[in-house]
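# Report on the structure
If you want the building blocks of each chain, they are given just below.
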Amino acid sequence: MMHKTLYMPDRIIIEQSALSLPYTQKILGKFANIPIETVGRIHDIKKYSSNESPENVVLITNYKGSLIKKCPGSSGVLCCNYYVANLINGCPFACEYCILQDYLNCGCVMVCSNIATFFEELRQVVKPGYILRLGTGELADSLAFDYLFDLTDELIPRMHEFPDVILELKTKSDCVKNILKYDAPGNIVIAWSLNPQELIDRYEHNATPLRNRLNAAISVVSKGYKTAFHFDPIILVPGWEKLYKQVIDELFASVAPEHISWISLGGLRFMPSLKRVSMDRFPQTDMFSYGEFVMCKDGKFRYFYPMRRDMYRTVAGYIHEYYPSAPVYFCMESPKMWNDVFGALPTRISDISHVYDPYPYDAICGTKFQDGN
Amino acid sequence: MICTFAVISIKSLLQEHPLLCYSFPPTDPLLETSISEFGIMSPLLVRKSGDAYFVLSGFRRLNIALKLNLKEIPVLICDMDNVTALRCSLSENTSRRPLNIFEKAALLDILLNVLTLPEQTVIRDYLPLLGLNTHRSVVDKIVPVNKLSVQQKTSLYHAGIEEDKILSLRLADSDTYDTFIALLIHLKPGINKFNQIIELVTEISRRDKKSMRTICDELKFDELIHSEDHPASQRLNMLRMALQDRRNPAVSATENYISAKLHALKLPAGVRLSTPNLCENTNITMDISIKSPESLKQIAEKLAVMSDNPALSDIFNCLKGDLS
Ligand code: SF4
Ligand code: SF4
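Chain B goes by ParB-like N-terminal domain-containing protein in an unreviewed UniProt entry, where it is assigned to Candidatus Auribacter fodinae.

Within an unreviewed UniProt entry, the label attached to chain A reads DNA photolyase, and the organism entered is Candidatus Auribacter fodinae.

In structure tokens, the structure reads:
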């Protein structure tokens, strides 16, 4: 389990129509001593909670919008085929670079308890013959709340019904207790975001230490699960080469290449508004002080191209030392970067065909896919 | 609650600990004119404390009375606690005028740090009275304004500096306040430029492990701010460029290199080249403005010659990101 104090809400607010849902009832069974209130609609919940200390409020809703959507990606970059299911919004950790700071205006933890709707939607999204990669970690850490909400107990037992879907559960926690109850379905990948411990201490407040994340990875591998790892965001602090080399040494000392489905790389990137919010939340942060940033086409700041390219070459090089055919891909990078670092665009790299091939016609977010760029 | 009206000697008021005073500026010329003409029409709120009286509300009136050398002062003696007194004065003040940012900061500071009310209570019960959103970040942004000295507040107040810029001062170290206040007053940056300047100084200071004060001194901020050699807008640009060069040396060097090469290209009149999103792609964007078919022809001829200029290849090589 995590080593910092475990998150526990002060209050639970439930949308009336979510009250009778089976998943709501299961969650409530775990919170016998916490005050519970019911409100009419989600809109009332948001209004109601704005005066409170929002992080300590859990909202349970019968969410009416789409629970599954295409990962939004960004303009001017190549994107993998990824879909996101936002069943839980919010996170007990406090990463200084987290987009949720800028994104979710109600800082509460929100659980969408209409799981049946999620599976109905999933059935509609799946295209026979194609593999769909789906993650639950866009607006949340996929597993950090699993000790509280047991979401994996709702998802894992039913994933065998969806052989064309690969569900990725991405986390910075070591909450794998529920997962270990199940023999690994072949289509579930447990993924960890990794950073050097020094950067976890500095920028990923309350998140689980690196060693514990890797120990959790070892335990899921022993149950037959596939894993994935995300070096995202890579942060160019002084001495970053050595720090990332150590993490990669530790990773491959813990998990053998054949258990790894993919590894992604992404440099620190942010909208100008996020930097402002983060600097207000973490007034002493030095995260934005290192490296040099340039505004890109999508309005996000990224490390200046030559620095970023050298950063990727270095980190990918460390990975390839252990795993020459490692399925490494970029999150939100330009065709130019793909060509400069990997010598080809993703659809031409067989090692990552399972990440990029399935939906070739919509493998791009924002720009037109030009193979020869 | 029963309050008693009295006229008391001004000497019997305890003035050494104006704990609950949040008014700014401490005096008001209109109120002073009125008091000098008609006296104090609205009594101060006080609480008895032994033989003396503790002022709960009415500090501006008291300051003016002292300035005008009044001997006696009308008061309402009430046995109310500090929190109730503060709420009372707040409701009286806000019914007349909105509080300015200095007053809001002082009030929140008193509530949190003098009366030690829980932050949650302050957010829930007091922020709405001040017309502010009920969120912790609002408190975090406003309270640091109260760290400014009276002199600094006075300079900002009289220069009419906007609230958002005053709030941005919280991002600076306190020993740079005077410099940034002078910058606001003399160079008049917009809020985005001002925020960018503070952010750049912060980032350089953290990267180079030097204080913000040292960075300002090394870049000769004070000299530039007060210099008479150039107009304010130019000094502001010079300051921003000096910061950019220091913060982003590789980006600046690349931009300078490209700019020198563009200069060497000797572009025809009416043609402008730019390199958007530096090095993210190798595209050069061209804007052409023509006045006649002939001018287009002339430009086309010159551009054809320009395409062989080695400076153009140098720019493309640079945009590939191969810095030397
Ligand atoms: S773990 Fe992910 S969701 Fe949680 S704070 Fe960090 S970046 Fe945000
Ligand atoms: S590359 Fe990143 S942002 Fe783009 S679709 Fe994949 S996961 Fe989403």
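Looking only at helices and strands, chain A features 13 helices and 20 strands. Evaluated residue by residue, chain A yields a buried proportion of 60% over its 373 residues. Expressed as a percentage of contacts within chain A between residues at least 6 apart in sequence, the contacts between residues at least 24 apart total 77%. Accessible surface, chain A: about 14,200 Å² in total, of which carbon and sulfur atoms supply 54%.

The environment of ligand 1 is formed by Cys 91, Phe 93, Cys 95, Tyr 97, Cys 98, Leu 100, Ala 140, Asp 141 and Lys 172 of chain A. Tallied by class, the residues present in the shell around ligand 1 amount to seven nonpolar, no polar and two charged.

Here the focus is the sheet that holds strand β7 (residues 88-89) of chain A. For sheets, the rule is that strands pair by backbone hydrogen bonds, running either parallel or antiparallel. All names here are of chain A. Across the sheet, which stays open at both edges, the five strands sit in the order β2-β1-β3-β9-β7 with mixed pairing between neighbours. Because the sheet does not close on itself, it has two edges, and the strands there are β2 (36-39) and β7. Here strand β1 (residues 11-15) runs beside β2; their pairing, made up of four bridges, is parallel. The partner of Ile 14 across the bridge, within β2, is Thr 38.

A few words now on the interface of chain B and chain A. Listed by partner, the interface residues are 31 residues for chain B and 34 residues for chain A. The tally of links from chain B across to chain A stands at five salt bridges. Glu 199 of chain B is the salt-bridge partner of Arg 276 of chain A, the closest N and O atoms lying 2.6 Å from each other. Inspection of the region where chain B meets chain A yields 18 residue pairs in polar contact (both at pLDDT 80 or more). Put simply, the parts of the chain that give the side of chain B that touches chain A at least two residues each are α6 (136-142), α10 (191-208) and α14 (249-264) of chain B. Here the side of chain B that touches chain A takes six residues from α10 of chain B, the largest share from any one element. Each residue belonging to the side of chain B that touches chain A can be placed in one class, and the counts come to eight nonpolar, eleven polar and twelve charged.

Within the fold, Gly 65 of chain A resides in the loop between β3 (57-61) and β4 (68-70). It is 40 Å that separates the C-alpha atoms of Gly 65 of chain A and Val 237 of chain A, two residues lying 172 residues apart in sequence.

Quick look at the domain arrangement of chain B now. Residue and element names in this part refer to chain B. Splitting chain B by domain gives domain 1 (1-97), domain 2 (98-147), domain 3 (150-247) and domain 4 (265-319). For domain 2 versus domain 3, the distance between C-alpha centres works out to 26 Å. The interface is formed by eleven residues belonging to domain 2 together with eight residues belonging to domain 3. Overall, the association of domain 2 and domain 3 removes approximately 960 Å² of surface from exposure, summing both partners, and the carbon and sulfur fraction of that is 69%. Per-residue buried area on domain 2 facing domain 3 is highest for Ile 101, Phe 102 and Lys 141; these three make up 55% of the total on that side. Summed over the shared surface of domain 2 and domain 3, the result is zero salt bridges. Where domain 2 meets domain 3, there are two residue pairs in polar contact (both at pLDDT 80 or more). Of all the elements in the fold, those that place two or more residues in the side of domain 2 that touches domain 3 are α4 (101-114) and α6. Partitioned by chemical class, the residues of the side of domain 2 that touches domain 3 number five nonpolar, two polar and four charged.

Thresholds, definitions, all that
Residues numbered from 1 in each chain as written. Chains lettered and ligands numbered in written order. Predicted model: local features only at pLDDT ≥ 70, side-chain atom pairs only at ≥ 80, totals over all residues. Heavy atoms only, no water. Helix = DSSP H or I, 4+ residues; strand = E, 2+ residues; numbered from the N terminus. Buried < 20%, exposed > 50% of the residue type's maximum accessible area, 1.4 Å probe, protein only. Contact = heavy atoms within 4.5 Å. Areas by Shrake-Rupley, 256 points an atom, 1.4 Å probe, with all protein chains shown as cover. Near = heavy atom within 4 Å. Nonpolar A, V, L, I, M, F, W, Y, C, P; charged D, E, K, R; others polar. Pairing = 2+ DSSP bridges. Salt bridge = Lys/Arg side-chain N within 4 Å of Asp/Glu carboxyl O. Polar contact = N/O pair within 3.5 Å; in protein donor to acceptor, adjacent residues only side chain to side chain. Domains from an automatic or database assignment. Buried area = accessible area lost by both parts, 1.4 Å probe.

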